[in-house]
Amino acid sequence: MNMERQGTGKSWVIGPMIAVALLCGVLIGKGWERTGHATETYEELKTFSEVLNQVQKHYVDETKPKDLIQGAIRGMLSTLDPHSAYMTPEMYKEMQVETKGEFGGVGIQIGVKDNRLAVIAPIEGTPAHRAGIKAGDFIIKVNDDTTKDLTLMDAVQKMRGPKGTKVNLTIQRDGTPDPLLFTLVRDTIKIESVKSKVIDNLGYVRLTQFQEATGRDLARAIKQFKDQKVQGTILDLRNNPGGLLTAAVDVSEQFLPSGKLVVYTKSREGKKDEWVSKARDQMDDLPVIVLVNEGSASASEIVAGALQDWGRAVIIGTTSFGKGSVQTILPLGDGSGLRLTTAKYYTPKGRSIQSTGITPDIVVKLAPPAAPAAAKPGEKDADAKAVKPQGGKPSDENGAKNGAAPAGDAGDLSLEQDAQLQKAVELLKSWKIFKELKVS
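Residues numbered from 1 in each chain as written. Predicted model: local features only at pLDDT ≥ 70, side-chain atom pairs only at ≥ 80, totals over all residues. Heavy atoms only, no water.

**Comments concerning the overall build of the protein**
Thinking step 1. Counting secondary structure elements, the protein contains 10 helices and 20 strands.
Thinking step 2. Across the 440 residues of the protein, 48% fall into the buried class.
Thinking step 3. Within the protein, contacts between residues at least 6 apart in sequence are counted, and of these 70% link residues at least 24 apart. (Helix = DSSP H or I, 4+ residues; strand = E, 2+ residues; numbered from the N terminus. Buried < 20%, exposed > 50% of the residue type's maximum accessible area, 1.4 Å probe, protein only. Contact = heavy atoms within 4.5 Å.)

**Remarks on the environment of Leu291**
Thinking step 1. Here Leu291 lies in strand S15 (residues 288-292).
Thinking step 2. Excluding anything up to four places from it in sequence, Leu291 contacts Ile234, Leu235, Asp236, Leu237, Arg238, Ile316, Gln420, Leu421 and Ala424.

**Some words on the nonpolar core**
A general feature of soluble globular proteins is that nonpolar side chains tend to end up buried together.
Thinking step 1. Counting residues in each nonpolar core, the largest one holds 38 residues, and the members touching the most others are Phe210, Leu235, Phe255 and Val290.
Thinking step 2. Counting residues per element, this core draws most heavily on helix H9 (residues 299-309), at six residues. (Core = buried A, V, L, I, M, F, W, Y, C linked by side-chain atoms within 4.5 Å.)

**Things to note about a nonpolar patch on the surface**
Thinking step 1. Taken together, Leu45, Phe48 and Ile69 make up a surface patch of nonpolar side chains, about 260 Å² in accessible area.
Thinking step 2. Of note, Ile69 is situated in helix H3 (residues 65-78). (Patch = residues over 30% accessible without salt bridge, like charges linked within 9 Å, V, L, I, M, F, W, Y side chains within 5 Å. Areas by Shrake-Rupley, 256 points an atom, 1.4 Å probe, with all protein chains shown as cover. Salt bridge = Lys/Arg side-chain N within 4 Å of Asp/Glu carboxyl O.)

**What about the environment of Leu244?**
Thinking step 1. Here Leu244 is to be found in the loop between strand S12 (233-236) and helix H8 (245-252).
Thinking step 2. Along the sequence, Leu244 and Ser298 sit 54 residues apart, while their C-alpha atoms lie 9.2 Å from each other.

**What about the sheet that holds strand S11 (residues 202-207)?**
Thinking step 1. Read from one edge of the open sheet, six strands run S10-S11-S12-S15-S16-S19, paired in mixed fashion. Pairing within the sheet leaves two strands with one partner each, and these edge strands are strand S10 (194-199) and strand S19 (362-363).
Thinking step 2. Direction of pairing for S15 relative to strand S16 (residues 314-317): parallel, over a ladder of four bridges. In the strand pairing of S16, Val290 is matched with Ile315.
Thinking step 3. Of the strands in this sheet, S12, S15 and S16 are in contact with H9, which crosses S15 at around 140°. (Pairing = 2+ DSSP bridges. Axes fitted to C-alpha atoms, helices over the stretch in contact; angles between N-to-C directions.)

**Overview of helix H6 (residues 152-159)**
Thinking step 1. Residues of H6 that are buried: Leu152, Met153, Ala155 and Met159. The buried residues of H6 occupy an angular sector of 160° when projected down its axis, which confines them to one face. (Arc of directions from axis to C-beta.)

**With respect to the pattern of salt bridges**
Thinking step 1. A full pass over the atoms with the stated rule returns 16 salt bridges.
Thinking step 2. Among the salt bridges present, the one from Lys429 reaches Asp200, with a minimum N-O distance of 3.1 Å. Note that Lys429 is positioned in helix H10 (residues 419-435) and Asp200 in the loop between S10 and S11, a separation of 229 residues in sequence.
Thinking step 3. On the basis of relative accessibility, which here comes to 37%, the residue Lys429 falls in the partly exposed class.
Thinking step 4. Across the pair Asp418 and Arg238 runs a salt bridge, and its minimum N-O distance is 2.9 Å. Here Arg238 lies in the loop between S12 and H8 and Asp418 lies in the loop between strand S20 (384-387) and H10, a separation of 180 residues in the sequence. Side by side, Asp418 and Arg238 carry an identical accessibility label, which is buried.
Thinking step 5. Beyond isolated ion pairs, a larger network of salt bridges with shared partners links Arg206, Asp236, Arg238 and Asp418.

**A few points about the packing of aromatic side chains**
Thinking step 1. For the structure shown, the criterion picks out one aromatic pair.
Thinking step 2. Taken together, a centroid distance of 5.2 Å and an interplanar angle of 15° make the contact between Tyr264 and Tyr346 stacked. Residue Tyr264 is located in strand S13 (residues 261-267), and its partner Tyr346 is located in strand S18 (residues 337-346); the two are separated by 82 residues in the primary sequence. For the pair Tyr264 and Tyr346, a shared accessibility class is recorded, and that class is buried.
Thinking step 3. The positively charged end of Lys113 is found above the aromatic ring belonging to Phe321, 4.7 Å away from the centroid.
Thinking step 4. In this arrangement the basic side chain of Lys272 is found over the ring face of Tyr264, its NZ or CZ atom lying 4.3 Å from the centre. (Phe/Tyr/Trp six-rings, centres within 6.5 Å; stacked < 30°, edge-to-face > 60°. Lys NZ or Arg CZ within 6 Å of the ring centre and 35° of its normal.)

**Details of unusual backbone geometry**
Thinking step 1. If you check the backbone angles, Asn115 has positive phi at about 60° while not being a glycine.
Thinking step 2. With respect to the element layout, Asn115 can be found in the loop between strand S3 (108-113) and strand S4 (116-122).
Thinking step 3. For Ser298, which is not a glycine, the phi torsion comes out positive at approximately 45°.
Thinking step 4. By secondary structure assignment, the location of Ser298 is in the loop between S15 and H9.
Thinking step 5. Exposure remark for Ser298: the relative accessible area of 0% places this residue in the buried category.

**Looking at the packing of H8 against H9**
Thinking step 1. Orientation of H8 relative to H9, taken along the N-to-C sense of each, is 30°, at an axis distance of 9 Å. Judged on the interaxial angle alone, H9 and H8 are roughly parallel. Both H8 and H9 take part in a crossing whose hand is right-handed. Across from Leu245, Ala248, Val251 and Ser252 in H8, the residues of H9 making contact are Ala299, Ile302, Val303, Ala306 and Leu307. (Parallel < 35°, antiparallel > 145°, perpendicular 65-115°, else oblique. Left-handed = near helix turned anticlockwise from the far one by under 90°.)

**Focus: the side chain of Arg339**
Thinking step 1. For Arg339, the location among the structural elements is in strand S18.
Thinking step 2. Although Arg339 lies buried, it forms no salt bridge, and the closest oppositely charged side chain, Asp81, sits 7.7 Å away as judged by the N-O distance.
Thinking step 3. In terms of polar contacts, Arg339 uses its side chain to reach the backbone carbonyl oxygen of His83, at 3.5 Å. (Lys, Arg positive; Asp, Glu negative; His and termini not counted. Polar contact = N/O pair within 3.5 Å; in protein donor to acceptor, adjacent residues only side chain to side chain.)

**Describing the environment of Trp275**
Thinking step 1. Along the polypeptide, Trp275 turns up in strand S14 (residues 272-276).
Thinking step 2. The class for Trp275 is buried, based on a relative accessible area of 7%.
Thinking step 3. Between the C-alpha atoms of Trp275 and Leu245, which are 30 residues apart in sequence, the distance is 9.2 Å.

Written out as structure tokens, the structure is:
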């Protein structure tokens, strides 16, 4: 949920990660000028003050004003949308490390779908990924706490913790009648955002997130592809939950000509901000295929939407997540922060992705994961275990490697087990054949 415009003082947040903005005074000032309802606001604040006073005087347990006010702020923001939230000073400091690609936790990017806490995607190579948590899973409990009334920020905080400690997640999965209980051992999460290799003379590059260095690392991979004279490129954005807007633009312009609109945002007042591609060393006119699935969100959808709108790539897979709102981070005076939805983003042709996602040009669904092999006596997973509560059968702990998601490393690709990748390879090979056909 993080997208950033650098050099303007704005912070655009659209993916699961977050960046810093310095527009607090400007945005708040405009808000007051726009409403013109200072008297009405004052009357409502009088009521709030009365309630606060009564709670402090008469509530059965002693209360702290700070806790009451923070609770009121959280409640106010929760009435807006799932992505607007209040961050305590501790949470605000912690969120600033996320764009650097290393943080502590279990390795899950989360969002809200159908009014439930949903897994956008597990991060490859993390405890959550190894345990078999999948994109589209719904988290119904963290330890013994229900997620029904949790904000996204509160849910993240509950899943974070020191390396080596455990956290229990109760998961509801479509097609599984009973909830699944996962016990995950927290670890330091380090993210390598770009992974690449050559497959049958085709360049394959997998982006796991959009970080500060993603564009630079992708450029390095593309240069290697050009040196090896590949016939086409596969850009794999499956289970990529998003990241920085600047990184999404950096990636897009490596496939688009200079001067092409990549994405634009529109605020409530109709104000538009546009991001346009700049000249870069590209893959020339070689064909490009982009792979997406239900775990592709925000920045991934920006890239897929831009390349699709300009006819630069064929999109293969399943409909993406549908995260198209922009969150701005506003620092507050006491060191805390406000994460507020301020705009929506649109593809070059004006499509809003919010709640609809990117529809592939060619829909290819993956087969259900194979049934897990029976565990040997005494065998256990060092990172996690997944069981049905109340003594049910174990779930597929290797689900993320058995067709439910792409392989965790570019070096582990298997065309036989990955129908979407297989389709991409077949299409690029046939592309060259049809291009060389001549009418006699």
